[in-house]
Amino acid sequence: TVTQGGGGGIQFDGRGDIHNAYFAGNSATTGGGLKIAYDNCSVTNSVFVDNEATYGGGLYNLCTINIQLSHVVFAGNSATYGGGINVECSGAGITLDHALVVGNEASSRGGGINFDDINQSLWMTDGIIAHNTSGNGAGIYAPDDYWNPLVDDITYSVIWDSARVNVDDFIGVDGNRSVDPDCLAYDPADDPADWDLRRALTAPLIDAGDPTLFDPDGSDSDIGAYSGEDAGLYDSDLDGDPIWWQPGPYDPANYPAEGWDCDDRDAAVGAGNGC
């Protein structure tokens, strides 16, 4: 838990790549969890939960042309602008590949993602933007005439929020849908750290992702962070045991033998101890 002016958890002023990170309980003026400035960056297999800021509760993109966000979770973050993510400068953008942006809040605009300037872009595949809240644009906010669908691409994704951009153009085409993602355990009244945002067995996201991608068991890719070929690579607590990715509740009889970690926030709990 860190509190500071910019980048409560980490601030990058140049090139940087982050893997298997867990940002929780940080606060800052810009970028409660992470602030990226001026150069490209990638974030993979990482979680942003319960961070807060004025701009970008989870992540603040100052002027980066494109941040690559793959297998990431933004959950329960809060801000005035961009509860989950805030994109600041003209020309800046983000790519969401197998991402969850769920249960974030902005008091002014962009509960999930806030775009703040002109010519900004979002590319998303196998992503979920759901259950976010805001005074304006719960899921995605962009100022009038600033959204440019000609340079944006949204495929095999779920948008289950009101959004102040014309996302209706994307729903029903290229595998996109507007449905409740049916997470395993989500209650806005609970501590975000206790949410389990994997897919329930009844989730409409199972095998509904990009048909050219596959889950670790060889089945068609699901939609969301815990799916796709790299779904089993999360190891935020660095205990050597990857997080369990399959839909449904944890199976204590079979999953430990397969090496899956039932609690990726506690290095003392893993496949061989505690599950």
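Provided above is the structure to which this section pertains.
This section reports on the structure supplied with the text. Bear in mind that the values here come from a model prediction, so they are computed numbers and not experimental data. (Residues numbered from 1 in each chain as written. Predicted model: local features only at pLDDT ≥ 70, side-chain atom pairs only at ≥ 80, totals over all residues. Heavy atoms only, no water.)

Another point: the packing of aromatic side chains. Going through the model one piece at a time under the given rule, you end up with 10 aromatic pairs. Summarising the aromatic geometry, the rings of Phe 23 and Phe 48 are spaced 4.6 Å apart at their centres and angled 5° between planes, so their arrangement reads as stacked. Taken together, the residues Phe 23 in strand 4 (residues 22-24) and Phe 48 in strand 7 (residues 41-49) connect sequence positions 25 residues apart. Using a relative accessible area of 5% as the deciding quantity, one classes Phe 23 as buried. (Phe/Tyr/Trp six-rings, centres within 6.5 Å; stacked < 30°, edge-to-face > 60°. Helix = DSSP H or I, 4+ residues; strand = E, 2+ residues; numbered from the N terminus. Buried < 20%, exposed > 50% of the residue type's maximum accessible area, 1.4 Å probe, protein only.)

Quick look at a negative patch on the surface now. On the surface, Asp 50, Glu 52, Asp 187, Asp 190, Asp 191 and Asp 194 cluster together to form a negatively charged patch. In this structure, Glu 52 sits in strand 8 (residues 52-55). (Patch = residues over 30% accessible without salt bridge, like charges linked within 9 Å, V, L, I, M, F, W, Y side chains within 5 Å. Areas by Shrake-Rupley, 256 points an atom, 1.4 Å probe, with all protein chains shown as cover. Salt bridge = Lys/Arg side-chain N within 4 Å of Asp/Glu carboxyl O. Lys, Arg positive; Asp, Glu negative; His and termini not counted. Charge placed at Lys NZ, Arg CZ, Asp CG, Glu CD.)

Taken together, the three bridges between strand 8 and strand 11 (residues 78-81) define a ladder with parallel strand orientation. Within strand 11, the position partnered with Glu 52 by the bridge is Ser 78. Bridging between strand 11 and strand 14 (residues 105-109) involves three bridges; their strand directions are parallel. Considered in strand 14, the bridge of Tyr 81 is made with Arg 109. (Pairing = 2+ DSSP bridges.)

Right, let's talk about the nonpolar core for a bit. Grouped together as the largest cluster of nonpolar side chains are 31 residues, with contacts concentrated most on Leu 69, Ile 85 and Leu 96. Excluding residues within four positions of it along the chain, Leu 69 makes contact with Val 43, Leu 59, Phe 74, Ile 85, Thr 95, Leu 96 and Asp 97. Core analysis: the second largest hydrophobic core is formed by 20 residues, Val 158, Trp 195, Ala 203 and Ile 243 among them. (Core = buried A, V, L, I, M, F, W, Y, C linked by side-chain atoms within 4.5 Å. Contact = heavy atoms within 4.5 Å.)

Further remarks concern the pairing of strand 7. With nine of nine residues buried, strand 7 is to be regarded as a mostly interior element. Relative to strand 7, strand 4 runs parallel, the two sharing three bridges. Residue pairing in the sheet places Phe 23 in a bridge with Phe 48 of strand 7. Of the strand pairs in this sheet, strand 7 and strand 10 (residues 67-75) are connected by eight bridges, and their pairing is parallel. Note on strand 10: the bridge partner recorded for Ser 46 is Val 72.

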